[in-house]
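As a plain string of letters, each chain reads:
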Amino acid sequence: MAKLIVSKFGGTSMGDAECMLRSSEVAFGRGASLVVVSATSGTTNDLIALGKASESQPWAEAEKILSKIHSRHVKIAADLHLPTESMQRLETLFEEMGSIAKGINLLKDCSVKAMDTLMSLGERMSSVLCTEAMAQVLKRHNSDKKAMWFDVREVLRTDDSFGKARPLTKEVESLSQKKLGFLRDYKTVVVTQGYIGSTEEGMTTTLGRGGSDYSAAILAEGVAADVLEIWTDVAGIATTDPRICPAAKPIDEISFKEASELATFGAKVLHPATLLPAIRKNIPVFVGSSFDADAKGTWIRKEVEDHPLIRAMAMRKKQILVTLSTPEMLHAHGFLFQIFKIFNDHKVSIDAITTSEISVSVTLDDSTLVNKKLIADLSEIADVQVEENLTLISLIGNNINHTPGLAKQIFETISDINVRMICLGASKHNFCFLVSEDQSTQAIQRLHKKFVEA
Ligand code: ADP
Ligand code: ASP
Ligand code: MG
């Protein structure tokens, strides 16, 4: 029986007409039925800049950005000889983009709702273009299948946390079964948008930056896919970010648990939430390069053959360490509860945590600092100290918390680098610690040499 494959293509795989045709060839070659695309490379950043410029700068500034986005898409449309009907669809999206920007400029206010609708245009435009590329590839291969554009907002139901909306899994599943059930006939290749969704009231939402991977996984769960493929600009998950460490090697196979840790602790190649739906439904995930589809790539599965102590490492920059101290914590209970309640009320997520007799330290993304009220609320119950410019380094592998001598080897390798906080014990798969931002690249390079290259 044919497999139902969901394939996601990232921004660089949508870079221009040639990339779109290459990506469509990959999707065709693999037999994908549902193709989920990101905005063309750079467009989401441009749309954010457009929202900000429209809000706070003279209209001429916004017009410049509008024209940059417009010409990028018109060039791809021309290169693909976009048929009239699709060109009209694209023109309608250009008009929508202009009028949202104008509205923001008149009100001098870019609400989170307006920003989400504005950002959604990136994926809505690229998907129109990629549907045409897909149609041309199907024709080239004399395939009986048809390419079809689909508005993912018909199925990707989310809550109303604009900017970082949460998919409502049950609703997505029932809508997908209803509206995309025909995929199992294998007569259509549907091209749709990553990153965006819609509330029950029909408001457009986005899932947070890099969210197209997550969209694809949610859709794979919704249509009960057999395989999820993530096509990007690198040939799979590497032992660390190849941009930081050129000696990084591709990983053939990695477990769901290790890959989840890697994604959560900074490997940008996968959005941190991507594997949740795959784990729930035990859907194997493949990561490969749309530029080199024959390269081996990485399979992420529940069970894998080898379980090395250290398989990979990642880093998360722009971290802060918040230390909360109070003598009242001595012999008292409920202090941690109070602290977590405040973080919960502010919807702030904590990555790593350590405690001592009278203090608790947690790591957070530095964007949290914008939230002055959070710090004020914490200050009501404890002395608050904030350290900035830190990087969380994570070593990912197996049986990490039960391996004698590992910590010694790690810290001997970076003995001249000051380590601010260590988290070991909670996970078999992760050992993480904080170092200052300017020493983080060195630390990763040395640890990679010691534990992976050796
Ligand atoms: P896309 O636009 O396709 O979603 P991203 O830029 O989000 O692509 O993710 C791919 C990038 O992730 C790579 O170019 C690479 O620099 C980075 N990356 C970080 N860590 C890793 C890793 N461990 N393995 C592979 N790539 C990684
Ligand atoms: N286009 C969105 C972004 O740039 C989502 C994605 O590419 O995954 O963040
Ligand atoms: Mg990405």
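The sections below set out a description of the structure shown in this document. (Residues numbered from 1 in each chain as written. Chains lettered and ligands numbered in written order. Predicted model: local features only at pLDDT ≥ 70, side-chain atom pairs only at ≥ 80, totals over all residues. Heavy atoms only, no water.)

**Regarding the sheet that holds strand β4 (residues 188-193)**
Right, on to step 1. Across the sheet, which stays open at both edges, the eight strands sit in the order β3-β4-β2-β1-β7-β9-β10-β8 with mixed pairing between neighbours. Each of the sheet's edge strands pairs with one partner strand only, and the pair in question is β3 (146-149) and β8 (253-255). With direction set aside, neighbouring strand axes in the sheet form an average angle of 20°.
Right, on to step 2. Both strand β2 (residues 34-37) and β4 contribute to a ladder of four bridges, which runs parallel. Looking at β4, one finds that V35 is bridged to V191.
Right, on to step 3. Running at roughly 160° to β2, helix α7 (residues 212-222) makes contact with β1 (5-9), β2, β4 and β7 (227-232) of the sheet. (Pairing = 2+ DSSP bridges. Helix = DSSP H or I, 4+ residues; strand = E, 2+ residues; numbered from the N terminus. Axes fitted to C-alpha atoms, helices over the stretch in contact; angles between N-to-C directions. Contact = heavy atoms within 4.5 Å.)

**Here's the deal with unusual backbone geometry**
Right, on to step 1. Of note, the phi angle at A224 is positive, near 55°, even though the residue is not glycine.
Right, on to step 2. Counting through the fold element by element, A224 comes out in the loop between α7 and β7.
Right, on to step 3. Even without a glycine there, the phi angle at N399 is positive, about 60°.
Right, on to step 4. Tracing the backbone shows N399 in the loop between β14 (383-397) and α12 (406-413).
Right, on to step 5. Given a relative accessible area of 39%, N399 falls into the partly exposed group. (Buried < 20%, exposed > 50% of the residue type's maximum accessible area, 1.4 Å probe, protein only.)

**Digging into the packing of aromatic side chains**
Right, on to step 1. Using the criterion set out here, one finds six aromatic pairs in the structure.
Right, on to step 2. Their ring planes at 10° and their centres at 6.3 Å tell us that F9 and W231 sit as a pair that is stacked. Of this pair, F9 sits in strand β1 while W231 sits in strand β7, and the two are 222 residues apart along the sequence. The same class applies to F9 and to W231, which are both buried.
Right, on to step 3. With a centroid separation of 5.1 Å and 55° between ring planes, the pair formed by F286 and W299 is classed as tilted. Residue F286 is found in strand β9 (residues 285-289), and its partner W299 is found in strand β10 (residues 298-301); the two are separated by 13 residues along the sequence.
Right, on to step 4. Since its relative accessible area comes to 23%, W299 is described here as partly exposed.
Right, on to step 5. Within the aromatic cluster, the residues linked to one another by ring pairs are F9, W231, F286 and W299.
Right, on to step 6. The positively charged end of R30 is found above the aromatic ring belonging to F286, 4.6 Å away from the centroid. (Phe/Tyr/Trp six-rings, centres within 6.5 Å; stacked < 30°, edge-to-face > 60°. Lys NZ or Arg CZ within 6 Å of the ring centre and 35° of its normal.)

**A look at the sheet that holds strand β12 (residues 353-355)**
Right, on to step 1. Judged by pairing direction, the sheet is antiparallel, and its six strands sit side by side in the order β12-β13-β11-β14-β16-β15 without closing on themselves. Edge strands, defined here as strands with exactly one partner in the open sheet, are β12 and β15 (419-423). On average, each strand axis in the sheet is inclined to that of its neighbour by 30°, with strand direction left out of account.
Right, on to step 2. As judged from the four bridges shared by β15 and strand β16 (residues 430-436), these two strands associate in the antiparallel manner.

**Looking at the site of ligand 1**
Right, on to step 1. In the vicinity of ligand 1 lie 16 residues, with T232, D233, A238, R243 and K268 positioned nearest.
Right, on to step 2. Separating an oxygen atom of ligand 1 from a side-chain N or O atom of D233 is a distance of 2.9 Å.
Right, on to step 3. Starting from 570 Å² of accessible surface for ligand 1 in isolation, the protein chains cover 90%.
Right, on to step 4. Residue composition of the shell around ligand 1, by class: six nonpolar, five polar and five charged. (Near = heavy atom within 4 Å. Polar contact = N/O pair within 3.5 Å; in protein donor to acceptor, adjacent residues only side chain to side chain. Areas by Shrake-Rupley, 256 points an atom, 1.4 Å probe, with all protein chains shown as cover. Nonpolar A, V, L, I, M, F, W, Y, C, P; charged D, E, K, R; others polar.)

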